[in-house]
Amino acid sequence: MAADAGPGMAEPTTVVITGAPAASAWPPRPTSTSGAGGWWPPCAHPRSAWTGCGRPPARADDPRLVAVRLDLADPEAISGAAGAILDVVGAPHGLVHNAGMAAVGAVEELPDDVLHLMFATNVVGPMLLTKSLLPAMRTASRGRIVAVSSEGGIRGMPAIGAYSATKGSLERWAESLSQEIAPFGLGVTVLVAGTFKTDILELTPTYADADGPYAGLHVALGRMEAPVQRFAASPDRFAPAVARALADTAPFVRRAVGLDARAMLPASRILPTRLFQRVVGVALGLPSPGALEDDDARLRRVHPRDDGQEHAPAARAEQGERPSHG
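Quick caveat: nothing in here was measured; it's all calculated off a predicted structure.

Rules of the game
Residues numbered from 1 in each chain as written. Predicted model: local features only at pLDDT ≥ 70, side-chain atom pairs only at ≥ 80, totals over all residues. Heavy atoms only, no water. Core = buried A, V, L, I, M, F, W, Y, C linked by side-chain atoms within 4.5 Å. Buried < 20%, exposed > 50% of the residue type's maximum accessible area, 1.4 Å probe, protein only. Contact = heavy atoms within 4.5 Å. Helix = DSSP H or I, 4+ residues; strand = E, 2+ residues; numbered from the N terminus. Lys, Arg positive; Asp, Glu negative; His and termini not counted. Salt bridge = Lys/Arg side-chain N within 4 Å of Asp/Glu carboxyl O. Polar contact = N/O pair within 3.5 Å; in protein donor to acceptor, adjacent residues only side chain to side chain. Patch = residues over 30% accessible without salt bridge, like charges linked within 9 Å, V, L, I, M, F, W, Y side chains within 5 Å. Areas by Shrake-Rupley, 256 points an atom, 1.4 Å probe, with all protein chains shown as cover. Charge placed at Lys NZ, Arg CZ, Asp CG, Glu CD. Pairing = 2+ DSSP bridges. Axes fitted to C-alpha atoms, helices over the stretch in contact; angles between N-to-C directions. Expected span 1.5 Å × (residues − 1). Arc of directions from axis to C-beta. Parallel < 35°, antiparallel > 145°, perpendicular 65-115°, else oblique. Left-handed = near helix turned anticlockwise from the far one by under 90°. Phe/Tyr/Trp six-rings, centres within 6.5 Å; stacked < 30°, edge-to-face > 60°. Lys NZ or Arg CZ within 6 Å of the ring centre and 35° of its normal.

Draft legend 1. Representation of the nonpolar core within the structure. Judged by nonpolar contacts, the single largest core of 29 residues is most densely connected at L129, L133, I145, L177 and I181. In contact with I145, other than residues within four places in its own chain, are L95, H97, T130, L134, M137, L177, I181, G187, V188 and T189. Listed in part, the 21 residues of the second largest apolar core include V104, V114, A162 and L217.

Here is the structure:
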């Protein structure tokens, strides 16, 4: 719960942050730019049984932090969490959609239930939580909604098509939302996150079939795992970006966080899709177009896997929750 108003502030600044357990550096020190006198970060995860829920996600001795159990794949849980937040702090000053899930697998490899869960967690859940809190924020004529996206939301990436689709959907929704709520004094910021050293780098499940038709794709992506993890940024650098986003005043802002994201965002605007995909293919060592037309790989069957294994070769980190290979 937001307890300290800070110098010169009439009331605490309350911010709802989903996925807060991964934010080991949160909250950042209050500054004149963040206006952060206090923070209300509820815990959110795709499944409510996650052991991280139910306790303060960071700095357990900080009275500003309170955990709220939230399952983004359960509409009733979302409604209940929103009600608890409104009962205690009223209209929050900010809502940060940081929680999310990812999985590695080509379109043929990814199980249907994982696909549905990913969209529920990364897209539908944030939309429903926003819908529940928005009336109070609109009535108060204040509030900043921050959507944490990824480089996968800028351009579709191989082996993480579903993840890229969810982040692209989140961004398009955020753009639409900003135009709807701007007249009431509210705004939206999209943070395009690069690679950060969070536990999702290691915990993202993979459904890659090592003996299937896409084995070559996964081998190529696997070669990038070590370099990506070596150059991933510390999550300490992400928290200040969130604080800055909460202080934005323009109706809509899109900002890249991390060196790789800052390089990719302008590149995606300049390069046409065909050229961009060629650059990505060369950089990752992917099979070239038509390379497998006469290869035996085209005849292989995909063997579905019900349980994804961790330590995916193309893992990604949220907050930044970005696919490690782009």
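From this point, things continue past the structure.
Draft legend 2. Inspection of the side chain of R144 at higher detail. Summarising the element assignment, R144 is placed in strand β3 (residues 144–150). This buried residue, R144, is left without a salt bridge; D248 holds the nearest opposite charge, at 4.5 Å. A distance of 2.6 Å separates a polar atom in the side chain of R144 from the backbone oxygen of A250.

Draft legend 3. Just a negative patch on the surface, in detail. Together, E293, D294, D295 and D296 make up a negatively charged patch on the protein surface. In this fold, D296 is placed in the loop between α9 (273–284) and β6 (316–317). The exposed category is assigned to D296, whose relative accessible area is 57%.

Draft legend 4. Main features of the sheet that holds strand β2 (residues 94–97). Taken in spatial order, the 5 strands line up as β1-β2-β3-β4-β5 in an open sheet, and their pairing is parallel. Two strands bound the open sheet, and with one partner strand each, they are β1 (15–17) and β5 (252–257). On average, each strand axis in the sheet is tilted by 15° relative to the strand beside it, whichever way the strands run. In this sheet, β3 lies alongside β2 in parallel orientation, the contact comprising 4 bridges. In the sheet register, H97 faces β3, and the bridge partner there is A147. Sheet strands touched by helix α3 (residues 161–181): β2, β3, β4 (187–193) and β5. Its angle to β3, the strand with the most contacts, is close to 155°.

Draft legend 5. Here's a closer look at helix α1 (residues 75–89). Between its first and last C-alpha, α1 extends 21 Å over 15 residues, near the 21 Å set by a 1.5 Å rise per residue. Those residues of α1 that fall on the buried side of the exposure criterion are I78, A81, A82, I85 and V89. Buried positions in α1, seen along its axis, are confined to an arc of 100° and lie on one side of it. Pointing more than 90 degrees away from the buried face of α1 are the exposed residues E76 and D87. On its buried side, α1 packs onto β1 and α2 (112–140). The residue sitting at the N-terminus of α1 and contributing the capping side-chain oxygen is D74; that oxygen lies 3.0 Å from the backbone nitrogen of E76.

Draft legend 6. Looking closely at the packing of α2 against α3. Interhelical geometry of α2 versus α3 gives an angle of 15° and a closest axis separation of 8 Å. Comparing their axes, α3 and α2 come out roughly parallel. The handedness of the crossing between α2 and α3 is right-handed. When α2 is examined against α3, the residues L115, M118, F119, N122, V123, P126, M127, T130 and L134 are found in contact with a partner set consisting of A162, Y163, A165, T166, S169, L170, W173, L177 and I181.

Draft legend 7. Spotlight on the packing of aromatic side chains. By the definition in use, this model includes 0 aromatic pairs. The cationic tip of R138 hangs over the ring face of F184; the distance from NZ or CZ to the ring centre is 5.9 Å. A cation sits over an aromatic face here: R155 above F276, 4.7 Å from the ring centre.

Draft legend 8. Region of the structure containing unusual backbone geometry. Here the phi dihedral of S141 falls at roughly 55°; this positive angle occurs in a residue that is not glycine. Summarising the element assignment, S141 is placed in the loop between α2 and β3. For S141, a relative accessible area of 48% corresponds to the partly exposed category. The phi dihedral of A159 falls on the positive side, at around 75°, and the residue is not glycine. Note that A159 resides in the loop between β3 and α3.

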